[in-house]
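Take a look at the letters that make up each chain.
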Amino acid sequence: STALSVSPSFFAFAQPAALDGSAIIVTAQIFPGLDPSGTTDSTAALQQALNAAAGKTMILNKGVYRVTSLTLPKEGIRIAATGAKFELGDNATDGQPMMRLAAHSQGIEIDGLEIDGRAPIIPHLKDLREAMQTPNAKIIHPARISGIVSEGHVSDIHLKNMTFRNLPQNAV
């Protein structure tokens, strides 16, 4: 049998009015298409999980998740993601944020997540040369990718224990 053990302080955070205390544990069994190995894009599964966890706590297990662009629910959410990493997905386009806060979002907390805007993009010069010689190759400049972007006025947004890598200035 599998057991989940968390300390009582795990669910204590600064916006209890926005959340009802229930938690959703994100797994591939519940959200098909979720790939914690980073091999395939998990955007659709993660967006379904975010929508289901609106007003709740979403627990994302350790892993590497390919992400194109996600919209956080404006009703509030706590994302507990210690050891989880979002890497830029294959379908990203220039100027697209990896995570979007809708206008009037409030009561959002993200804890422990790493966001990497460059990881799947041409890691070596040799790969860049090969990609440039490949017809229809898609090359995205990492400086044109944003991490977390607000689409308007937001309040009570808490980012804790997060790491941002390979993003341009003013990208968070």
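This part takes up the pattern of salt bridges. As enumerated under the stated definition, the model contains 9 salt bridges in all. In this structure, the salt-bridge partner of Glu114 is Lys85, at a minimum N-O distance of 3.9 Å. Taken together, the positions of Glu114 in strand β10 (residues 114–116) and Lys85 in strand β7 (residues 84–88) put the pair 29 residues apart, joining distant regions of the chain. When the shortest N-O distance is used, the salt bridge between Arg165 and Glu114 registers 2.8 Å. You can see Arg165 sitting in strand β13 (residues 163–165) and its partner Glu114 sitting in strand β10, a full 51 residues away along the chain.

Moving on: the environment of Ser150. Its place among the elements puts Ser150 in strand β11 (residues 146–150). We classify Ser150 as partly exposed; its relative accessible area is 36%. In sequence terms Ser150 and Pro97 are 53 residues apart; their C-alpha atoms lie 9.4 Å from each other. In terms of polar contacts, Ser150 uses its side chain to reach the backbone carbonyl oxygen of Gly152, at 2.4 Å.

Inspection of every chain in the model, using the stated rule, returns 1 aromatic pair. On the basis of an interplanar angle of 85° and a centroid distance of 6.3 Å, the ring pair of Tyr65 and Phe86 is categorised as edge-to-face. Of the two residues, Tyr65 sits in strand β4 (residues 63–67) while Phe86 sits in strand β7, which places them 21 residues apart along the sequence. Of the two residues examined, Tyr65 and Phe86, each falls in the buried class.

Most peptide bonds take the trans form, and the phi angle of most residues other than glycine is negative. The phi angle at Asp156 is positive, at roughly 55°, despite the residue not being glycine. Its place among the elements puts Asp156 in strand β12 (residues 155–160). With phi around 50°, Asn161 is a residue other than glycine that occupies positive phi space. Along the chain, Asn161 falls in the loop between β12 and β13. Residue classification places Asn161 among the exposed residues on the basis of a relative accessible area of 61%.

Attention shifts here to the nonpolar core. Burial of nonpolar side chains together is a common tendency in soluble globular proteins. Ranked by size, the top nonpolar core spans 30 residues in total, and within it Met58, Leu60, Ile79, Phe86, Met99, Ile110 and Leu113 carry the most contacts. Looking at this core, the element that brings in the most residues is helix α1 (residues 43–52), giving 4 residues. Contact partners of Leu60, with chain neighbours within four places excluded, come to Val26, Leu46, Tyr65, Ala80, Ala81, Ala84 and Phe86.

Reading guide: rules and limits
- Residues numbered from 1 in each chain as written.
- Predicted model: local features only at pLDDT ≥ 70, side-chain atom pairs only at ≥ 80, totals over all residues.
- Heavy atoms only, no water.
- Salt bridge = Lys/Arg side-chain N within 4 Å of Asp/Glu carboxyl O.
- Helix = DSSP H or I, 4+ residues; strand = E, 2+ residues; numbered from the N terminus.
- Buried < 20%, exposed > 50% of the residue type's maximum accessible area, 1.4 Å probe, protein only.
- Polar contact = N/O pair within 3.5 Å; in protein donor to acceptor, adjacent residues only side chain to side chain.
- Phe/Tyr/Trp six-rings, centres within 6.5 Å; stacked < 30°, edge-to-face > 60°.
- Core = buried A, V, L, I, M, F, W, Y, C linked by side-chain atoms within 4.5 Å.
- Contact = heavy atoms within 4.5 Å.

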